[in-house]
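Tertiary structure, described
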Amino acid sequence: MSESVRQPSDQPNGRLGTFAGVFTPSILTILGIIFFRRLGFVVGAGGLIEAITIIAVATAISVITSISLSAIATNIRVRGGGDYYLISRTLGVHFGGAIGLVLFLAQSVSVAFYCIGFGEAVASIAGYAGDAAVTAGVAAIATLVIGSIAFAGADLATKFQFLVMAALALAIAAFFVGGVLNWDSTRLIDSFRGPSDRTTPPFWVIFAVFFPAVTGFTQGVSMSGDLRDPARSLPLGTFLAVGLSTVVYIGAAITLAASVPLNVLASDYGAMRRISVIPWLIEVGVIAATLSSAMASCLGAPRILQSLARDNVIPPLAMFAHGVGPTSNPRRAVLLGVAVALATIALGSLNAVAAVVGMCFLLSYGLLNYATFIEARAHSPAFRPTFRYFNAWLSLAGAGLCLYAGVMINPVAAAVAGACMVALHQYLRRTAPQAAWADSRYAYHFRRVRDHLNEMRDGSTHARDWRPFVLALCNEAHDRVRLLTFASWIDGESGFTTAVRILTPMKNGAVENGRATQPDGQRLALAEEMLRSQVSEAGLQTFTRVVETPTVAEGLAVLLQSHGLGPLRANTILMSAREQFGGSPSAGDAPPPEALAAALGQRKNLILLEGEDSDWTTLAATEPGSRKIDVWWKESDTCRLSLLLAHLMTRAEGWKVAKIRVHVINPGSASREEALAVVREMLEDARIEAELDLVDFVGPESLKEHSRDATLVFIPLRVRGGRLAGPRGQPLKGVLEALPVCAMVVAGEDIDLDAQPDDAPPAEAEAAAAQTAGERAARADA
């Protein structure tokens, strides 16, 4: 069986509460460098109304995403990993793994961004403004110091953040006090009209400058593994941070508009110094903001990587699952994050990377909203969040808003971030082990299936809607994979196959599949597990079913009447001819011919597959372009079914360029040209390409003469006195040895290859379906 993604064991209980674990890192990141250095530009470039609109749109994304986050976080026990954990447990390991790896890199790069901002502030204070070497050196030192604090653990980092928060609070307080002292109501009113210069940047350009300010509201989510009560702390701390920061931003925008002319705000990134009663505190605030944001990212990124590693999503990252201390501090992941940050600082030019990083955050918010929509719309009984103030359609709107904002901000960066996500998602689909946890994909697909089945429930089945729903009887282990492979060929990616084993009671001490017989319940479970394993190893898209009945005939009767759901009912039985005609160890457990004949009376089709090991070896060695499918034809539902199955085979991999040859059995009632013309017209009406050959059928020898060089042969069967026989009633057992792989077919239902939308009104179809079993069996005998 395939390796599975590990289900992480319960992690040590976290120590952090709402204030220290969620509110503090979130608020410190939101009130960061954008607040001190770019908010004035936003107000000056667009005017107060546009600035408040920008804040409102960004806040709407934050609030909607916070609502979605709260719904998911209160529906499961949240472990470490933040956004990655929430998305992977909702949308699955592929989406979660892709966004987790992207967010780790994005947050690690963000550490470099914030530290460069810190370096610029220090260089400016020291008189080295504009010196790239000094800025980079200070940024590298700051990265190492912050990395050392994160390496020591979240407790020490949290204490450091309290000091930073105090400095930030003093700087903001000094600004607002200065704003009150410099308040000019006339200037405030003028700011509503916007700048007089009409060459100001468009709305979305200004929005792009401001939006990074609100990306910090999920920083607390990244600390989920260090929280005492994530279900309570995540919603409460996130909403408090978003709410307070929104009030501060709007208040600061109004204060700036009332204190400084718009043209000055648009050109002077240090305008807050003009207002503050203690100007140097603004520089302290800038330093505090950059360091706090860097610290939050340096704490969050390693925990995302650690959670990825613990889940074994990307096996080469397994070494980063290791944690130290009672809170499992991810020191190895911290070192990697610091290395990424230092490498980013060394690159120098960061504008292009910064745009893509911003898009990655926006993409994660969109996925969080979409994940909540999927959870809610799936109507899973397990979706019972204690946070009640959410709406599925609001979450979908939030996902759409994130997508729209990303495209409007920077289409190129949005495309690059989206392409990275898609590439990672496809890579993980092919390489990630199977997840050991439940996610919402099953509930989502179940909901869709339920809705679609209900839509089909009252519809009348039309001949154009016929699809193969195959019950493959797989009691014989030797032929099992071959039977199911053949079933995958004839369904043409349009039907379903269920692999079925029918178990009959065994005497105590008997041996089955090399193992001593287990009690009935264990035997059934073991047989089901073995069947699923064989199907999985063969790479087949096949359902499995194991039943235990007194006899195989009774099991077949039960399955034919009960298997399926709604309009999806089995219409075709597939089994090995060796079980029916003998030559197999399990032939004694095969359904007797009488049971198969009765199945035909229930409008079920029958296919018996015959082929020796050498025949299958020859088939596998035949190049796709050299494969030939033979169909033996006479006017009947059985031959129409055989032709349709041969056509469906040409949709399967390895058979798409195979040639169909139709051997027409000469009816003797018309000239050779007329007989071929009738079949040729039928093929044209059925829109099936095939070569024609008229055969004077004299017996089984004709089969060998004309189909000896075929790759696979469809032979029509007949029912005579409850027994199966060849096209003219002759036994086939001796002939099959000289033929390649053969599919012997008998139809139990009407097959119309040229059904048109207006043909067969529902009432007539229902009347035809009501024919008795005896009538159906008689038609199969014709």
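Located above this text is the structure these notes cover.
Residues numbered from 1 in each chain as written. Predicted model: local features only at pLDDT ≥ 70, side-chain atom pairs only at ≥ 80, totals over all residues. Heavy atoms only, no water.

1. Some points on the packing of aromatic side chains
Summed over all chains, the structure comprises 26 aromatic pairs. Measuring from centroid to centroid gives 6.3 Å for Phe-203 and Phe-207, while their planes differ by 20 degrees, and the two rings are stacked. With a gap of four residues between them, Phe-203 and Phe-207 both fall in helix α9 (residues 203–210), about one helical turn apart. The exposure class assigned to Phe-207 is buried, which follows from its relative accessible area of 0%. (Phe/Tyr/Trp six-rings, centres within 6.5 Å; stacked < 30°, edge-to-face > 60°. Helix = DSSP H or I, 4+ residues; strand = E, 2+ residues; numbered from the N terminus. Buried < 20%, exposed > 50% of the residue type's maximum accessible area, 1.4 Å probe, protein only.)

2. Concerning the packing of helix α19 (residues 477–490) against helix α25 (residues 637–649)
It is at 7 Å that the axes of α19 and α25 come closest, and there the two elements cross at 90 degrees. By the angle between their axes, α19 is roughly perpendicular relative to α25. Contacts from Phe-486, Trp-489 and Ile-490 in α19 reach Leu-645, Leu-648 and Met-649 in α25. By residue class, the composition of the contact of α19 with α25 is six nonpolar, no polar and no charged. (Axes fitted to C-alpha atoms, helices over the stretch in contact; angles between N-to-C directions. Parallel < 35°, antiparallel > 145°, perpendicular 65-115°, else oblique. Contact = heavy atoms within 4.5 Å. Nonpolar A, V, L, I, M, F, W, Y, C, P; charged D, E, K, R; others polar.)

3. Considerations on the nonpolar core
The biggest cluster of nonpolar side chains holds 141 residues, and the ones touching the most others in it are Phe-35, Phe-36, Phe-207, Phe-210, Phe-211 and Tyr-249. Of all the elements, helix α5 (residues 93–125) adds the most residues to this core, at 17 residues. Ignoring sequence-local partners within four residues, the contact set of Tyr-249 consists of Ile-30, Leu-31, Gly-32, Ile-34, Phe-35, Leu-39, Ile-55, Phe-210 and Ala-213. Counting 55 residues, the second-largest nonpolar core is a separate cluster that includes Trp-466, Phe-486, Leu-609 and Trp-655. (Core = buried A, V, L, I, M, F, W, Y, C linked by side-chain atoms within 4.5 Å.)

4. Points about the pairing of strand β12 (residues 628–633)
The side chains of a regular strand alternate between the sheet's two faces. The element β12 is extensively covered by neighbouring structure, given that six of its six residues are classed as buried. Burial of the side chains of β12 extends over both faces: Lys-628, Asp-630 and Trp-632 are buried on one face and Ile-629, Val-631 and Trp-633 on the other. Note: β12 against strand β13 (residues 659–665), six bridges, orientation parallel. When the sheet's bridge partners are listed, Val-631 is paired in β13 with Val-662. Tracing the backbone out of β12, into α25 and back to the parallel element β13 gives a crossover that is right-handed. As defined by bridge partners, β12 adjoins strand β15 (residues 712–716) across three bridges and the pair is classed as parallel. The partner of Asp-630 across the bridge, within β15, is Val-713. (Pairing = 2+ DSSP bridges. Right-handed = clockwise from strand over helix to strand, strands pointing away.)

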